[in-house]
Each structure stands twice: as C-alpha cells, then as structure tokens.
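# Coordinate analysis (summary)
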Amino acid sequence: MVKTIAQAGLAVNEKLVIRRNRITNPNISSSGSKRACIVTGTHGDELEGQFVCAKLADYLHENSSALSGIVDIYPALNPLGIDSITRGIPMFDLDMNRIFPGTSEGTMAECIAADIISDIKGADICIDIHSSNIYLKEIPQVRINEISADYLVPYAKMLNVDYIWIHSSATVLESTLAYSLNDIGTKTLVVEMGVGMRITKEYCDQLIIGILNLLKNIGIWNGPVGPVREPILSFDHDVEFVNSSAAGIFVPCVDHWVDIEKGAHIGDVLDPATGRVEEYVTAPCAGRIFTLREFPIVYGGSLIARILGGERNA
Amino acid sequence: MRKCTLYSIKSPYREDLDVLGYRFGNGEKSMCIVGALRGNEIQQMFVCSQIIKKLRRLEADGKIAADHEIMVIPCVNYYSMNIGKRFWTMDNTDINRMFPGYNLGETTQRIADGLFEQIQGYKFGIQFASFYQQGDFLSHVKLMHTGFTNPEKMKDFGLPYAFIRDPRPYDTTTLNYNWQIWETNAFSYFLNSTDDIDERSAEDAVDNVIRFMVRQGIIKGRETGGYLTELINEREVIQIHSNAAGIYRPKVNAGERFSKGDILCEILDPMEGEIISQVKAPCDGIVFFRYSRPLEFENSVLFKLIPR
C-alpha cells in the first residue's frame, strides 16, 4: 500500500510528497511484526536504488505469502532532486543528507526530514541505498561508522556486498540519515554501489539477493534466497586514496575491482589539447581497486581510485 | 600594498585559478579578511575591494600602526563567479564546508588547505559570509561560539546587532569554526545582500571593519560613529514559517519595527489571486530577516524576528 508520509505545499498547484510502499502478507496480521525499511533517493543524482526498490517491490508483492513481517520501501526521499537530476534539494542548495534528524520547527526541508525520521523510527533494520556520484564508480559495499560497527557489521555481512568499510567518525556526518537513525536505536546500514545517473543492473540484482537474505535472517522473509558472498571487511588504514596531481582527462588502463601490484599503471592524465601525458598514475600500494573514476575530467586533487590494501601493502 | 598569489591550481580548460591576497603594513599578523568563497558572493567581493581601496590610502597616509599586518583576500572562488555558479565548478562542492582542508584530498579540500595555511596565525579574522536562503538581512556580525573568541569583541564593529550561534555538526567544517580552533578570533560578517551590489551597505561595512581595526590599535585614528551593539543569542530569534504555499507579498522590510498582530505578509493563490493566508506578528519586535523571492513553499522561513 502506497502512502504519503510527508508533504509540503510547493508554490504553484503542487505538493512535494514523500511516499512509502508498505508490503505485507495479506493473509496474516502484520500488527506487532518485524519491520524493515529500504530507503533511497536522498541524492537526486543517485539512481541505482531506484531499480533496487522497483524490482524488490515487485518481487515481494508477487511473493507476499512468504512474508512474515513488514517491508517499507521509500524510493525517493528527495523526489524533486531525482526529477530534475539535482543532487541536493532544488531551490535550497542543500544536501539533504546534512539536515537530519530535521525539526518540525525548521524549514520545509527540515520538516520533511523530521517526518521521514519519525516514520522509519522503530524499524528493526533500515537500509539506505546510495550510488556514489557521477564521478566515481563503487563496488557494492556497506559503509559503517566505527561507533556503530559492533552491532551493524553482522547485518552488513548478510547483504551480499563485496566489501564492508568501517570508517572513522566525523562530526559533520552526524547530520546524515543513517547517523540520526542509529542514534535513536534504529539500526541503519548505508550501501554504496555503482555510479551516479546510471543503473548497474548486475549490482542491483546482487543487492536484492542480499536484502532478501537479511530479511530472512531477521525473520521477515521465508522465501528462497540465492547464494551470498563473504565480504572483505576493512578499516580506514586499509584504504589508500589515489588523487590526481595534474589537470586534464583521466583515461584508466585497469578494470574496476581487480588486484594490482604496487607501482602498477592505473591510467594517464592527458592534456586534451596536445595529448601529452601530464601524469602517469600508478598504484601507491598493492591491493584491489574498489573505487574507480568514471567521469574523465580531473583537476589536481580529483579522486581517481581507492585501493583496498592501504598501509599494510605500501 | 603587496599583492601576492596565495594559492594556485591548474584547470585543463581555463587559466590558472590564482587566489590573490593583498597585504598592508608589516609585523604581527593582526587581521585577515576573506571575501567570496562562493561564486555568488558578489557583494562580499565588492566590500573587500572597497576595503583594499581604503587600506591603500590609509597605508599611504601612514595610518597602519607599526608592527601590524593586514591581509585581504577578496575572492577565492572566481572560477564559479565567472560562470554564474554558487559552488565549485565541476563537482558542486562548497569550499566553506572543506576547512581546515586537506592537501592530499579532493580539489576543494586542497583549495581550503592552501588558503587556510596562508590565513592561519592571524589574531583576528573576518569572513564576509552568505546565508543559503535568499532574502534581505540586517547586516550583522556572527560568532560561532566555540569558547575561544570573546563575544564582547563583536561590539567593536559598531553594528546594531551581533549574534552568537551554537555550532551544529555541519558547522564544524566552516572557515569560521576552524579559524577559532586554530586560535584566530573569527567573526562572520553577513551583509544585507549577496548576488547584487549595494554600494551604500558596502560603505557601511568598510566603515565598520575599519572601526574594528581602530579599536584594536591596528589602524591609527580616532573612533567615530557606530552603534551600541546588542548581543543576541541566535536561539532568541523567532522564525516565522509560512502556513501555505503560493505568491508571497511582504508587508514589512528588514529593519522595520512592528507590533504584535501586525500583518507581516500575505500569501496569494498563484492561479486565482485571492489572499489565502496572512502571517501576523506574534509579538512586538524588529524584522531581522525577510524572505525575498516571489514564490514560497509551505513551511518556508519567511521572517526572522528580534522580539522587543
């Protein structure tokens, strides 16, 4: 059942509406049963979650007799952003993932954020699906703040991702949806995968298997689940960043999610006018590339790759 | 006056971005003034240009006190300014959310790092900042309350109002916050406009900054004018939200006094023209901020009021 969980009037004959699709087993009462929330679309340029939500909703609806709990799907927390290919909230120049937990006394965006938190609060698990941005391609992974690693890692391992990154805490991240929900006791996992403005069907299918597996493990889903892979788990010190030193166009010569040796050639930064190699980019350590630049134009500082290997293999 | 390039980055398609600084006087690093970090902060850049013009004359007249150096950086992000964009040209990140910066990080982290390295160690810092909502403000000075800078110092600008803000998590990556963490007495100066130039307001801002420096002994001269500043905690400001969406018709201006029950604005049905809502003042007070766009959404912050 699709329900509007937050809304605000726009200037001319339209409302901003945040919708939730609740899927339950029609043959049993869902009163008092467990609840999982699948949320996405906080950033309007991240679309991988759209396919995950659509396909998951369709599959669960068709197989709802195998449900013993509630699955709430929120496909678009920032519908105006998705509709206008805008990462933030249009008109406000705001990153929606920096205004949680929101407040009913605040601006329109803060009121919406507060309503979203209120609706998700109390769920047994929440999965917040992101898809990097238009610049970088990410292997399916779960990112966990170190302060909540103890209780989130077991759930993250169920999600059929390739990688779990436990990162250090930063004050600025306290205004994210995931932090705000974990802070009030609603366990929330952040998934990053794919690239902005695209749907990577292979990754979406992989995550859907993981979501079904997690739902099964917590007693919401009784249907079949495909095989689930064992993720690599790492901390910040295992991750090495490769940033461009030059400005130009970056042309990679390696594939995503491959093992490389220290000093291996990752790609070149070229001067677009002359073709001259401005920077011969090499791996600072041995490891596996889990982030690779997708958008070719780079400045000094632009992130080119992240390598899982880090200090240990430097 | 010494003009120098403080930080420079290359672009594949444009001339280098050179962040320029203008230094006056010699000796102790006494005052640093930063203008536009964002591409739409035109008034902020303009005010800095007028401060530079003023300081050049004061320096020629021997009015910069001995053993004091002043540095002014009128515009950091002119790449975005030249193409009419608010945030960084390529990835839309905000330099004022990247401090203290990181020299091995992303482009805007590197710009923040390169800038911050140059502006650290000053005794006082002023950033001409802008607000994310479009509207008319009373010009004011604001202090992010970290415990380092004494709020009483804000009175030396001689503005009618100065505000104290308790930092929120997202404030911790701003220039103002990090300046204080690195022990610069930092103030954010909010002008009444951002995208447009208001020359009268700019003249006032120049006078207020010069007054502040005279009171610190950085510039030689006699104190003149200025208001007896009222310090206000931001928590005391009353935000007035719209209860309907539509065409916004304000009835009061920024700085105007009002009484409880006065109509602050009307909201009209955008199709039929009828008044669908009137927003009334909940108390006596002064309009500190007034929203300025013709269309408004439900729950938009239309006014910020100082209760009297």
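Residues numbered from 1 in each chain as written. Chains lettered and ligands numbered in written order. Predicted model: local features only at pLDDT ≥ 70, side-chain atom pairs only at ≥ 80, totals over all residues. Heavy atoms only, no water.

### Here we look at the packing of aromatic side chains
Residue and element names in this part refer to chain B. The test is simple: Planes of paired rings set the category: under 30 degrees apart is stacked, over 60 is edge-to-face and the rest tilted, where pairs are Phe, Tyr or Trp rings (Trp by its six-membered ring) whose centres lie within 6.5 Å. Residue burial is assigned from relative accessible area. The probe radius is 1.4 Å, only protein chains are included, and a residue is buried under 20% of its type maximum, exposed over 50%, and partly exposed in between.
For the coordinates displayed, the defined rule picks out 26 aromatic pairs over all chains. Aromatic side chains Phe 131 and Phe 137 sit 5.3 Å apart centroid to centroid with 80° between the ring planes, which places their arrangement in the edge-to-face category. Taking relative accessible area as the criterion, Phe 131 reaches 22% and is therefore assigned partly exposed. Classification of Phe 137 by relative accessible area gives buried; the value is 10%. Centroid distance Phe 157 to Phe 212: 4.3 Å. Interplanar angle 20°. Geometry classified as stacked.

### Comments concerning helix α4 (residues 149–156) of chain A
All names here are of chain A. Stated formally: Per the convention used, a helix needs a DSSP run of H or I reaching at least four residues, while a strand needs a run of E reaching at least two, with both numbered from the N terminus. It is the directions from the helix axis to the C-beta atoms whose arc is reported. In this description, contact between two residues means that some pair of their heavy atoms is separated by no more than 4.5 Å.
Within α4, burial applies to Ala 149, Leu 152, Val 153 and Ala 156. For α4, the angular spread of buried residues about the axis comes to 110°, placing them on one side. Considering only its buried residues, α4 is in contact with β6 (136–145), β7 (163–167), α5 (177–183), β8 (188–194) and β9 (232–235).

### A closer look at the environment of Ile95(B)
Residue and element names in this part refer to chain B. Tracing the sequence through the fold places Ile 95 in the loop between α2 (78–81) and α3 (107–119). Look at Ile 95 and you get buried, because its relative accessible area is 1%. Residues Ile 95 and Glu 152, spaced 57 residues apart in sequence, show a C-alpha to C-alpha distance of 29 Å. In contact with Ile 95, other than residues within four places in its own chain, are Leu 37, Val 76, Asn 77, Thr 108, Ile 111 and Ala 112.

### Here we look at the domain arrangement of chain B
Residue and element names in this part refer to chain B. Our working rule: Start and end points for every domain follow an automatic or database-based domain assignment. Each of two parts loses accessible area, computed with a 1.4 Å probe, when they are put together; buried area is these two losses added. The term salt bridge refers to a side-chain nitrogen of Lys or Arg lying within 4 Å of a carboxyl oxygen of Asp or Glu. In protein, a polar contact requires one atom able to donate a hydrogen and another able to accept it; more generally it is a pair of N or O atoms within 3.5 Å, and residues adjacent in sequence count only if both atoms are side-chain atoms. Each residue receives one of three labels: charged for Asp, Glu, Lys and Arg, nonpolar for Ala, Val, Leu, Ile, Met, Phe, Trp, Tyr, Cys and Pro, and polar for the others, Gly being one of them.
Split into domains, chain B comes out as domain 1 (2–233) and domain 2 (237–307). Each of domain 1 and domain 2 has a C-alpha centre, and the two are 31 Å apart. Each side of the interface is counted separately: domain 1 has 12 residues, and domain 2 has 14 residues. The junction of domain 1 with domain 2 conceals about 1,200 Å² of combined surface from both sides, 63% of it contributed by carbon and sulfur atoms. Three residues stand out in domain 1 for area buried against domain 2, namely Gln 134, Asp 136 and Leu 138, and they jointly supply 44% of the buried area on that side. Applying the counting rule to domain 1 against domain 2 returns 1 salt bridge. The shortest N-O distance in the salt bridge between Arg 290 and Asp 136 comes to 2.9 Å. Our count for the contact surface shared by domain 1 and domain 2 stands at 5 residue pairs in polar contact (both at pLDDT 80 or more). Elements supplying a minimum of two residues to the side of domain 1 that touches domain 2: β6 (135–137), β8 (161–165) and β10 (230–233). Per element, the largest residue contribution to the side of domain 1 that touches domain 2 is 3 residues, and it comes from β6. Of the residues belonging to the side of domain 1 that touches domain 2, the class tally is 6 nonpolar, 5 polar and 1 charged.

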